[in-house]
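Analysis of the macromolecular model
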Amino acid sequence: QVQLVESGGGLVQSGGSLRLSCAASGLTFGTYAMGWFRQAPGKEREFVAHINWSGSTTLYGDSVKGRFTISRDNGKNTVHLHMNRLEPEDTAAYYCAATPWYGGTRPRTIDYNYWGQGTQVTVSS
């Protein structure tokens, strides 16, 4: 079955950086678009970043543009989220997701078929 396993979360000070990784198995990774979402306590799950199957197209949520970068390594079935200039407002559980196709510009949770269990990111002020 499809498995998405996130890693790399943790506690970081405001202004710091983290790199999240998502290892995928059980699917033909190079044919799937991948996304990152986050969810803070009491809030809805929010779109963070998306990358198409080849890595040629990326999309970002407004709150992370210019600070976060999504990338993928199809040879290692892995997608990364590089997070710079972290702020306390970035504190959330971060989830990796996969979809066989996405052609829009504002990804939503329902656009993705598979989800990981999440990794916690906490940014202290």
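Refer to the structure above for everything that follows.
A brief report on the enclosed structure follows.

Rules of the game
- Residues numbered from 1 in each chain as written.
- Predicted model: local features only at pLDDT ≥ 70, side-chain atom pairs only at ≥ 80, totals over all residues.
- Heavy atoms only, no water.
- Helix = DSSP H or I, 4+ residues; strand = E, 2+ residues; numbered from the N terminus.
- Buried < 20%, exposed > 50% of the residue type's maximum accessible area, 1.4 Å probe, protein only.
- Contact = heavy atoms within 4.5 Å.
- Lys, Arg positive; Asp, Glu negative; His and termini not counted.
- Charge placed at Lys NZ, Arg CZ, Asp CG, Glu CD.
- Pairing = 2+ DSSP bridges.
- Axes fitted to C-alpha atoms, helices over the stretch in contact; angles between N-to-C directions.

1. Details of the overall build of the protein chain
- When you go through the protein chain residue by residue, the secondary structure sums to 0 helices and 11 strands.
- The order of α-helices and β-strands along the protein chain, N terminus first, is β-β-β-β-β-β-β-β-β-β-β.
- With the principal axes as the frame, the protein chain shows a C-alpha extent of 40 × 25 × 25 Å.
- Buried positions account for 45% of the 125 residues belonging to the protein chain.
- For the protein chain, the share of sequence-separated contacts (at least 6 apart) that also reach a separation of at least 24 residues comes to 58%.
- Taken together, the 11 basic and 9 acidic charged side chains of the protein chain have centroids lying 4 Å from each other.

2. Structural notes on the sheet that holds strand S7 (residues 68-73)
- An order of S1-S3-S8-S7 is seen for the 4 strands of this open sheet, with the pairing classed as antiparallel. Unpaired on one side and paired on the other, strand S1 (3-7) and S7 mark the two borders of the sheet. Direction aside, the axes of adjacent strands within the sheet are offset by 15 degrees on average.
- Relative to strand S3 (residues 18-25), S1 is paired through 5 bridges, and the arrangement is antiparallel. In the sheet register, Ser7 faces S3, and the bridge partner there is Ser21.

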